[in-house]
Amino acid sequence: MAAMLDYLIINASLVDGREAMNIAIRDSKIVEVTDQAIATSELPDDCLYDAKGQLVTAPFIDSHFHMDATLSLGKPRLNQSGTLLEGIQIWNELKPNLTFDAIKQRALKICHWAIGQGTLAIRSHVDICDDALLAVQVLLEVKKEMAPWLDLQLVAFPQDGYYRYKNSVDNLKRALDMGVDVIGGIPHFERTMADGSHSVRSLCELAAERGLMVDMHCDESDDPLSRHIESLAYETQRLGLQGRVTGSHLTSMHSMDNYYVSKLMALMAEAQLNVVANPLINITLQGRHDSYPKRRGMTRVKELNARGINVAYGHDCIMDPWYSLGSYDMLDVAHMGLHVAQMTGVAEMQSTYAAITHNAAKALNLSNYGIAKGCNADLVVLQAKDSINALRLRPPRLIVMRRGQVISTASPNISEVNLGNGVVSIDFNLS
Ligand code: FE2
């Protein structure tokens, strides 16, 4: 068997708790995951990797991003209030001055960051409230160029409103015709609640007509009466779109009445909605009108999980008008999500890890994802022994592999402490 393999990883720990596992790779696929020995005699040295008990995981997935705005921090100015609305204002000041090359350069740079951090699939919203659809053109080109290295899924996103911006209806259809994958929306930003509901209905009908997925920015506010998620779940059921629709943010759910939420979550579960929360952004943008007590603003991840609703996490923003920080580390996102949702139990921390891996793959409808026989040979070796330590340490991604090929490596993080009695090497793992 060894001579027929392209790559072999031995002594791997897996997210499900199995240890000392061997992972055999051939023709871009995982062909075996076993605790039985696999002959290595005829395998070239540089195609054998001893994981030494460290975690081998499926790649991270970012379920919600804005690649057209990323790395534009400070252009043309910084967000002084730190609010969502000032961010939108700054983006509108920048938009007329964007160029094809500038957007592309920033997008390619962030793709490299993602790969270095072990993120090999990204769902990015792209603003279609620009009649030239410049960002759409750029990101479609980036998607094609990066396809060997990462999966980039694009959402046609009417940032200034589907009805509120005069050309959104036409622009969105044009973007889909050009090859954008998913239908977006922003019902809470329309002029009235009625317009918001109308936009949800029309956009879901368009998705049904074209056989596409839906991912809407939905109820991204602290308004307990912003209830477009109810319309989104209802339209999903009415049109038979179960499993193909995602509600992003849903921060208003944080502030809703508990009785209403219990009714709402039953409807969301029936509609098989996916939910994407964006912990880094929700905790910084929401609650800005509060004094004290100050609401956290993130949607009810723990309760949604308990209802069996698929919850994934997104990074949303990196160094743009809405968020000044970030290095595209999805473990940062999960780490924040775990704290904000108070999900510190062992099973809760494990489900948090799933929010940036398997739950995200489900939301994006990715196939052949995972560390299992028959899956794509896409994986990451982390300098951590299990998923909880990965969340704790956010350690180096020692190897990032795509379709059987190592495309990124990093050195282990080891501190050498010397208190006068010689050097002690520590890597912050307990064993
Ligand atoms: Fe967003």
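The structure displayed is predicted, hence computed values, not measured ones. (Residues numbered from 1 in each chain as written. Predicted model: local features only at pLDDT ≥ 70, side-chain atom pairs only at ≥ 80, totals over all residues. Heavy atoms only, no water.)

A word on the overall build of the protein chain
Phase 1: Of regular secondary structure, the protein chain possesses 13 helices and 18 strands.
Phase 2: What you see for the protein chain is a C-alpha radius of gyration of 22 Å, in line with the 22 Å of a compact globule of 431 residues.
Phase 3: Residues classed as buried in the protein chain amount to 56% of the 431 residues present.
Phase 4: The distance from the centre of the 39 positive side-chain charges to the centre of the 49 negative ones in the protein chain is 3 Å. (Helix = DSSP H or I, 4+ residues; strand = E, 2+ residues; numbered from the N terminus. Rg over C-alpha atoms; globule rule 2.2 N^0.38 Å. Buried < 20%, exposed > 50% of the residue type's maximum accessible area, 1.4 Å probe, protein only. Lys, Arg positive; Asp, Glu negative; His and termini not counted. Charge placed at Lys NZ, Arg CZ, Asp CG, Glu CD.)

Topic: the packing of helix α5 (residues 193-210) against helix α6 (residues 228-238)
Phase 1: As a packed pair, α5 and α6 sit with axes 9 Å apart at the nearest point and diverge in direction by 25°. Between α5 and α6, the angle is such that the two are roughly parallel. Considering the relative orientation of α5 and α6, their crossing is right-handed. Across the interface between the two elements, Met 193, Gly 196, Ser 197, Val 200, Arg 201, Cys 204 and Glu 205 of α5 pack against His 228, Ser 231, Leu 232, Glu 235 and Arg 238 of α6. (Axes fitted to C-alpha atoms, helices over the stretch in contact; angles between N-to-C directions. Parallel < 35°, antiparallel > 145°, perpendicular 65-115°, else oblique. Left-handed = near helix turned anticlockwise from the far one by under 90°. Contact = heavy atoms within 4.5 Å.)

Details of the coordination of the iron ion
Phase 1: Within the protein, His 64 (NE2), His 66 (NE2), His 217 (NE2) and Asp 316 (OD) serve as the donor atoms for the iron ion, at 2.1 to 2.5 Å.
Phase 2: Its 4 donor atoms give the iron ion angles of 84 to 176° at the centre, a pattern that matches the irregular case.
Phase 3: Spacing between the donor residues of the iron ion along the chain follows H-x1-H-x150-H-x98-D. One end of the pair, His 66, is in the loop between β6 (60-65) and α1 (84-94); the other, His 217, is in strand β10 (residues 213-218), with 151 residues separating them in the sequence. You'll find His 66 and His 217 in the same group, each marked buried. (Donors = N, O, S within 2.8 Å, 3.2 Å for Na, K, Ca; no water. Tetrahedral: all angles 85-135°; square planar, octahedral: opposite > 155°, others 65-115°.)

Re the packing of aromatic side chains
Phase 1: What the rule picks out here adds up to 4 aromatic pairs.
Phase 2: Seen in terms of ring centroids, Phe 60 and Tyr 353 are 6.0 Å apart; in terms of plane orientation they differ by 75°. Their pairing is edge-to-face. One end of the pair, Phe 60, is in strand β6; the other, Tyr 353, is in helix α11 (residues 346-354), with 293 residues separating them in the sequence. As far as burial versus exposure is concerned, Phe 60 and Tyr 353 are alike and both buried.
Phase 3: Relative to Trp 322, the ring of Trp 91 has its centre 6.4 Å away and its plane inclined at 50°; by these criteria the two rings are tilted. Here Trp 91, found in helix α1, pairs with Trp 322, found in the loop between β13 (310-313) and α10 (330-340); they are 231 residues apart in sequence, far enough to count as distant.
Phase 4: Of the residues examined, Trp 322 reaches a relative accessible area of 10% and is grouped as buried. (Phe/Tyr/Trp six-rings, centres within 6.5 Å; stacked < 30°, edge-to-face > 60°.)

Notes on the pairing of strand β1 (residues 7-12)
Phase 1: Looking at chain direction, β1 and strand β2 (residues 21-26) are connected through 4 bridges and run antiparallel. Bridging across to β2, Ile 9 finds its partner in Ile 23.
Phase 2: Pairing analysis gives 3 bridges linking β1 to strand β4 (residues 48-50), with the strands arranged parallel. Note on β4: the bridge partner recorded for Ile 9 is Tyr 49. (Pairing = 2+ DSSP bridges.)

Concerning the pairing of β6
Phase 1: Summarising burial for β6: 6 of the 6 residues are buried, a large majority.
Phase 2: Relative to strand β7 (residues 119-127), β6 is paired through 4 bridges, and the arrangement is parallel. Of the residues in β7, the one forming a bridge with Ile 61 is Ala 121.

Points about the sheet that holds β10
Phase 1: Pairing is parallel in the open sheet, where 8 strands are placed in the order β6-β7-β8-β9-β10-β11-β12-β13. The open sheet has two edge strands, β6 and β13, and neither has a second partner.
Phase 2: Bridge analysis of strand β11 (residues 245-249) against strand β12 (residues 274-277) gives 3 bridges, and the strand direction is parallel. By the bridge assignment for β12, Thr 246 is matched with Asn 274.
Phase 3: Lying over the sheet, α10 contacts β6, β7 and β13, oriented at roughly 125° with respect to β13.

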